[in-house]
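# Inside the fold
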Amino acid sequence: PAVARAYHENVINHYENPRNVGKMNKDDPDVGTGIVGAPACGDVMKLQIRVNDDGTVKEAVFKTFGCGSAIASSSFATEWVRGKTLEECSTIKNTDISSQLKLPPVKMHCSMLAEDAIKAAIKDLAEKRRLKEGASQQQ
Ligand code: FES
Ligand code: FES
């Protein structure tokens, strides 16, 4: 069908078999949660990462209320961050995601959602850790 041909098989694969759909306890000290919305269309993506003691990402999960490209982007992102350091994760660009998935130009903002969600999850984790450090210093 014409619709399917407009999309690369990588997108269709991640859309039809999304990896790592789920949720983690956002109060877990090792979990960072990022929730972002796309101004262009109102779609929402939630992405969570869990880090190992060495600071690398152990696993990531997502829940996306949005279009197929946003679902594919978040599915792809959860696989890509695994094993990476937070620093490496923070350098992931939406263009890395869109070029892997071969997203068409009108769907670029869907991959931007994934980049923003990763950054938001890292920030959430960093803030949690800062709070924790502050608390232990007060003891
Ligand atoms: Fe409809 Fe994104 S604009 S799902
Ligand atoms: Fe808006 Fe995909 S996230 S159309």
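As annotated in an unreviewed UniProt entry, the chain is Iron-sulfur cluster assembly protein from Diacronema lutheri. Under the UniProt heading Sequence similarities (unreviewed entry), the entry covering the chain gives this text: "Belongs to the NifU family." In its Function (unreviewed entry) section, the UniProt entry covering the chain states "Scaffold protein for the de novo synthesis of iron-sulfur (Fe-S) clusters within mitochondria, which is required for maturation of both mitochondrial and cytoplasmic [2Fe-2S] and [4Fe-4S] proteins."

## Section: the nonpolar core
Membership of the largest hydrophobic core comes to 27 residues, with the highest contact counts inside it found for Leu-47 and Ile-118. Secondary structure elements with two or more residues in this core: β2 (44–51), β3 (57–65), α3 (68–81), α5 (94–101) and α6 (108–138). Counting residues per element, this core draws most heavily on α6, which supplies nine residues. When residues no more than four places from it in sequence are discounted, the contact partners of Ile-118 are Gly-34, Leu-47, Ala-77, Val-81, Cys-89 and Ile-92.

## Structural notes on unusual backbone geometry
Although it is not a glycine, Asn-20 adopts a positive phi angle of roughly 60°. Among the secondary structure elements, Asn-20 is positioned in the loop between α2 (9–16) and β1 (31–37). When the 19 C-beta atoms within 10 Å are taken as the criterion, Asn-20 is described as partly exposed.

## Side note on α5
Three or more residues of α5 are buried, namely Asn-94, Ile-97, Ser-98 and Leu-101. For α5, the buried positions fall inside an angular range of 95° around the axis, keeping them on one side. Lys-102 occupies a position one or two residues after α5 and carries a positive phi of about 55°.

## Quick word on the packing of α2 against α3
Two packed helices can be described by the angle between their axes and the distance between those axes. Packing of α2 against α3 brings their axes to within 8 Å, and their N-to-C directions diverge by 85°. Judged by the angle between their axes, α2 and α3 are roughly perpendicular. Across from Val-11, His-14 and Tyr-15 in α2, the residues of α3 making contact are Gly-68, Ser-69, Ile-71, Ala-72, Ser-75 and Phe-76. For the contact of α2 with α3, the per-class residue count stands at five nonpolar, four polar and no charged.

Analysis parameters
Counting starts from 1 at the beginning of each chain's written sequence and moves along it residue by residue. Chains carry letters from A onward and ligands carry numbers from 1 onward, assigned in written order. With the structure being a predicted model, the display of local features is reserved for residues of pLDDT at least 70 and the display and counting of side-chain atom pairs for 80 or more, all residues being used for whole-chain, interface and lining totals. UniProt positions are given in the numbering used here, feature names are shortened, and annotations may be inferred rather than shown by experiment. Core membership is restricted to buried Ala, Val, Leu, Ile, Met, Phe, Trp, Tyr and Cys residues, and these are joined into a nonpolar core through C-beta atoms within 7 Å. Each residue is classified by how many other C-beta atoms fall within 10 Å of its C-beta atom, where C-beta atoms are placed from the backbone; a count of 20 or more means buried, 12 or fewer means exposed, and values in between mean partly exposed. Strands are runs of DSSP state E lasting at least two residues, helices are runs of H or I lasting at least four, and both sets are numbered from the N terminus onward. We call two residues in contact if the C-beta atoms placed from their backbones are at most 7 Å apart. Within this analysis, the arc is defined by the directions that extend from the helix axis to the C-beta atoms. Lines fitted to C-alpha atoms define the axes here, with helix axes fitted over just the stretch in contact, and angles between the N-to-C directions of these axes take values from 0 to 180 degrees. Relative orientations are named as follows: roughly parallel for angles under 35 degrees, roughly antiparallel for angles over 145 degrees, roughly perpendicular for angles from 65 to 115 degrees, and oblique for any other angle. Under the scheme applied here, ten amino acids are nonpolar (Ala, Val, Leu, Ile, Met, Phe, Trp, Tyr, Cys and Pro), four are charged (Asp, Glu, Lys and Arg), and all others, including Gly, are polar.

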